[in-house]
Number of protein chains: 2
Amino acid sequence: MSLRHALLGVLSARPMNGYSLARFFLASQNWVWSAPRSQIYSALKSLEDDGLIDASREEGRNGLVTKVYSLSPAGQAELDHWVSTPQPPSPHRDAFAVQALHFDAIDPEDAATVLRAYLDDQRRQLAEWESHRDALASRSTPLLKERLASRPAGEHERIATLKAHVFEGQAMQALARIAWAEQALELVAAGVSVATPTG
Amino acid sequence: MSLRHALLGVLSARPMNGYSLARFFLASQNWVWSAPRSQIYSALKSLEDDGLIDASREEGRNGLVTKVYSLSPAGQAELDHWVSTPQPPSPHRDAFAVQALHFDAIDPEDAATVLRAYLDDQRRQLAEWESHRDALASRSTPLLKERLASRPAGEHERIATLKAHVFEGQAMQALARIAWAEQALELVAAGVSVATPTG
DNA sequence: ATGACCATGTAAGCAGTTACATGATTAC
DNA sequence: GTAATCATGTAACTGCTTACATGGTCAT
């Protein structure tokens with residue numbers, strides 16, 4: 001159900017077409033929810049059917065006609081209500097942990113290779129999250145600028161701080177995973193008989 | 001695709017029926033992958049069709065007939081291969097972060113309520129993961145005992161250490177989320193006009 | 001004219017959720 | 001007898017993935 005609310009959330013900053021929305025959700029981006037374009041378009045249709053967003057055909061900067069969606073009052077109410085309601089914890093699924101649970105059963109060098117690939121991924125993610133955090137803190141992202149434009153100046157600092165802190169949280173989790181993987185690299189190497197020197 | 005490998009992983013310790021396997025995957029358990037029973041049963045059927053596990057009708061301790069699955073050589077090979085292969089990072093989806101991104105737009109007391117519920121969940125999870133970590137480190141879980149029984153004694157310490165470390169990693173991530181949520185609680189309260197003293 | 005990007009979708013299939021159906025055993 | 005646990009499934013549905021289809025604009 002969260003894709004719907006994530007879409008409402010982006011639209012609460014400004015009206016947007018499906019393609020632009022999809023950029024926020026493209027896999028391997030520095031965003032907290034990912035989804036392919038096909039899913040965005042059908043979710044938008046269903047949100048429109050439910051009256052949570054309104055569609056209007058407008059021309060983009062090229063005279064090209066696109067479908068622009070904006071949050072309806074009902075959509076804003078639904079978003080606010082959802083954000084204000086504690087959600088039950090979502091089921092836990094950590095594919096990498098499943099893999100790691102069996103590192104004892106394979107060649108330690110293979111385990112090290114898997115761990116190093118994981119470390120690369122996590123370090124890349126960390127960099128993206130830190131950079132997004134900094135961009136929000138300095139209010140330099142286009143979406144945040146548009147959002148702040150409709151809020152009193154006195155609230156700007158608080159809003160930017162809270163939003164930046166969400167990505168600080170993502171970064172903190174990435175740091176925990178990185179620290180863990182570094183320890184794991186030492187552990188998988190620990191029990192290995194030393195290779196015969198070949199060079 | 002990971003449920004299949006998670007099932008192969010559990011079966012690599014010992015043969016088991018679907019109901020027992022499902023206990024490892026029940027939501028809100030201290031396990032790294034969750035799935036409902038219905039999904040376990042159909043996944044087992046498909047694994048059997050693919051020749052990765054073998055089924056045999058055996059009688060349980062009550063003379064009651066159950067279907068016991070065991071890992072086939074092909075299943076063991078598939079598991080080892082999957083564990084040894086770096087997987088592409090799975091798409092990121094953090095529903096709570098979507099919620100947190102909009103804490104600036106709602107009543108700070110509602111945001112605090114949501115954060116406290118999250119903190120409760122994470123602290124409960126942390127306790128479960130720490131206890132599972134300790135149980136593995138002291139080799140007191142039934143499954144680990146059976147697993148160690150088929151491995152040379154000299155490897156026992158390394159195996160237990162590596163498995164315990166996976167849950168240490170889960171605990172580290174929970175700690176990061178808890179630390180983040182505690183900071184967030186301070187931040188949401190920060191910009192609030194002080195309530196009139198009422199007691 | 002070729003490739004990159006803008007823009008909107010459909011279709012098929014797999015993964016995951018929720019509810020239902022059935023029946024035996026064990027503990028109180 | 002009644003509730004909890006053991007045990008195996010089916011059915012309907014929603015969410016997510018992957019591939020395909022179409023056509024316009026912009027820069028080289």
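The structure presented is a predicted model; accordingly, all values stated were derived computationally and were not measured.

### As for the nonpolar core
Here's step 1: Counting residues in hydrophobic clusters, the biggest one holds 119 residues, and the most contacted among them are F25, F103 and W180 of chain A together with F25, F103 and W180 of chain B.
Here's step 2: Top element by residues in this core is helix α8 (residues 153–190) of chain B. It accounts for 15 residues.
Here's step 3: Not counting chain neighbours up to four residues away, the residues in contact with W180 of chain A comprise F96, A100, L115 and Y118 of chain A together with H165, V166, E168, G169 and M172 of chain B.

### Examining the protein's contact with DNA strand C
Here's step 1: Around DNA strand C, 19 residues are found, and the nearest of them are Y19, K67 and R93 of chain A together with S38 and Q39 of chain B.
Here's step 2: Each atom of DNA strand C within 4 Å of the protein was classed as base or backbone; sugar and phosphate made up 70%.
Here's step 3: The contact in question runs from a phosphate oxygen of DNA strand C to an N or O atom on the side chain of Q39 of chain B, over 2.6 Å.
Here's step 4: Of all the elements in the fold, those that place two or more residues in the surface near DNA strand C are α2 (18–25), α3 (37–49) and β3 (65–71) of chain A together with α3 (37–49) of chain B.
Here's step 5: Sorting elements by how many residues they give to the surface near DNA strand C places α3 of chain A first, with four residues.
Here's step 6: Tallied by class, the residues present in the surface near DNA strand C amount to seven nonpolar, seven polar and five charged.

### Comments concerning the interface of chain A and chain B
Here's step 1: Counting residues at the interface gives 64 residues for chain A and 64 residues for chain B.
Here's step 2: Put simply, R151 of chain A and D104 of chain B hold a salt bridge, and the shortest N to O gap is 2.7 Å.
Here's step 3: Taken together, chain A and chain B are joined by 30 residue pairs in polar contact (both at pLDDT 80 or more).
Here's step 4: Elements represented by at least two residues in the side of chain A that touches chain B include exactly α1 (2–11), α4 (73–83), α5 (95–100), α6 (108–137) and α8 (153–190) of chain A.

### Some details on the protein's contact with DNA strand D
Here's step 1: Surrounding DNA strand D, one finds 19 residues, the nearest of these being S38 and Q39 of chain A together with Y19, Y41 and R93 of chain B.
Here's step 2: When the atoms of DNA strand D within 4 Å of the protein are grouped by moiety, sugar and phosphate amount to 71% of the total.
Here's step 3: Contact between DNA strand D and Y41 of chain B: a phosphate oxygen at 3.2 Å from a side-chain N or O atom of the residue.
Here's step 4: In the model, a phosphate oxygen of DNA strand D is placed 2.7 Å from a nitrogen or oxygen of the R93 of chain B side chain.
Here's step 5: Of all the elements in the fold, those that place two or more residues in the surface near DNA strand D are α3 of chain A together with α2 (18–25), α3 and β3 (65–71) of chain B.
Here's step 6: With four residues, the top contributor of residues to the surface near DNA strand D is α3 of chain B.
Here's step 7: When grouped by side-chain class, the residues that make up the surface near DNA strand D number seven nonpolar, seven polar and five charged.

### Describing the domain arrangement of chain A
Many authors give the size of an interface as the accessible area that is lost as the parts come together.
Residues and elements named next belong to chain A.
Here's step 1: Domains assigned within chain A are domain 1 (1–84) and domain 2 (95–190).
Here's step 2: Distance from the C-alpha centre of domain 1 to the C-alpha centre of domain 2: 25 Å.
Here's step 3: The interface of domain 1 with domain 2 comprises twelve residues on the first partner and nine residues on the second.
Here's step 4: A buried area of about 880 Å², summed over both sides, lies between domain 1 and domain 2, and 57% of it is on carbon and sulfur atoms.
Here's step 5: Considering only the side of domain 1, the residues that lose the most area to domain 2 are A13, N30 and V32, jointly responsible for 53% of the buried surface there.
Here's step 6: Salt-bridge contacts for E146 lead to R14; the nearest nitrogen and oxygen are separated by 2.5 Å.

### Observations regarding the environment of Q122 of chain A
Residue and element names in this part refer to chain A.
Here's step 1: With respect to the helices, strands and loops of the structure, Q122 is situated in helix α6.
Here's step 2: Q122 sits in the buried class, given a relative accessible area of 11%.
Here's step 3: A sequence separation of 49 residues divides Q122 from A171, and the C-alpha atoms of the two residues are 9.5 Å apart.
Here's step 4: Setting aside chain neighbours within four positions, we find Q122 in contact with A174, R177 and I178.
Here's step 5: A polar atom in the side chain of Q122 sits 3.0 Å from the side chain of R177.

### Observations concerning unusual backbone geometry
All names here are of chain A.
Here's step 1: Even without glycine at this site, R139 takes up a positive phi of about 55 degrees.
Here's step 2: Inspection of the secondary structure puts R139 in the loop between α6 and α7 (142–149).
Here's step 3: Residue classification places R139 among the partly exposed positions, given a relative accessible area of 31%.

### Remarks on the pairing of β3 of chain A
Residues and elements named next belong to chain A.
Here's step 1: Bridging between strand β1 (residues 16–17) and β3 involves two bridges; their strand directions are antiparallel. Across the sheet, the residue bridging to N17 is V68, located in β3.
Here's step 2: Two elements, strand β2 (residues 53–59) and β3, share seven bridges in a ladder whose sense is antiparallel. Note that in β3 the partner of D54 across the bridge is S70.

### Here we look at empty space enclosed by the protein
To find leftover empty space, one rolls a probe the size of a water molecule over the atoms.
Here's step 1: Going through the model one piece at a time under the given rule, you end up with four cavities of 30 Å³ or more.
Here's step 2: Of the volumes computed, that of the largest cavity is approximately 70 Å³.
Here's step 3: If you trace the largest cavity, you find it lined by V166, G169, Q170 and Q173 of chain A together with D94, F96, A97, Y118, R177 and W180 of chain B.
Here's step 4: When contributions to the lining of the largest cavity are tallied by element, the ones reaching two or more residues are α8 of chain A together with α5 (95–100) and α8 of chain B.
Here's step 5: Among the elements that take part in the lining of the largest cavity, α8 of chain A stands out by supplying four residues, more than any other.

### Considering the side chain of R177 of chain B
Here's step 1: For R177 of chain B, the position within the fold is in helix α8.
Here's step 2: Despite being buried, R177 of chain B has no salt bridge partner; D94 of chain B is the closest side chain of opposite charge, sitting 6.6 Å away.
Here's step 3: Setting aside residues up to four positions removed in sequence, R177 of chain B forms contacts with Q173 of chain A together with Y118, Q122 and W129 of chain B.

Cut-offs and rules
Residues numbered from 1 in each chain as written. Chains lettered and ligands numbered in written order. Predicted model: local features only at pLDDT ≥ 70, side-chain atom pairs only at ≥ 80, totals over all residues. Heavy atoms only, no water. Core = buried A, V, L, I, M, F, W, Y, C linked by side-chain atoms within 4.5 Å. Buried < 20%, exposed > 50% of the residue type's maximum accessible area, 1.4 Å probe, protein only. Helix = DSSP H or I, 4+ residues; strand = E, 2+ residues; numbered from the N terminus. Contact = heavy atoms within 4.5 Å. Near = heavy atom within 4 Å. Polar contact = N/O pair within 3.5 Å; in protein donor to acceptor, adjacent residues only side chain to side chain. Nonpolar A, V, L, I, M, F, W, Y, C, P; charged D, E, K, R; others polar. Salt bridge = Lys/Arg side-chain N within 4 Å of Asp/Glu carboxyl O. Domains from an automatic or database assignment. Buried area = accessible area lost by both parts, 1.4 Å probe. Pairing = 2+ DSSP bridges. 1 Å grid on protein atoms, 1.4 Å probe; cavity = no way out; pocket = protein on both sides within 12 Å on 5 of 7 lines; lining within 4 Å. Points joined across faces, edges and corners; volume = space filled by probe spheres on them. Lys, Arg positive; Asp, Glu negative; His and termini not counted.

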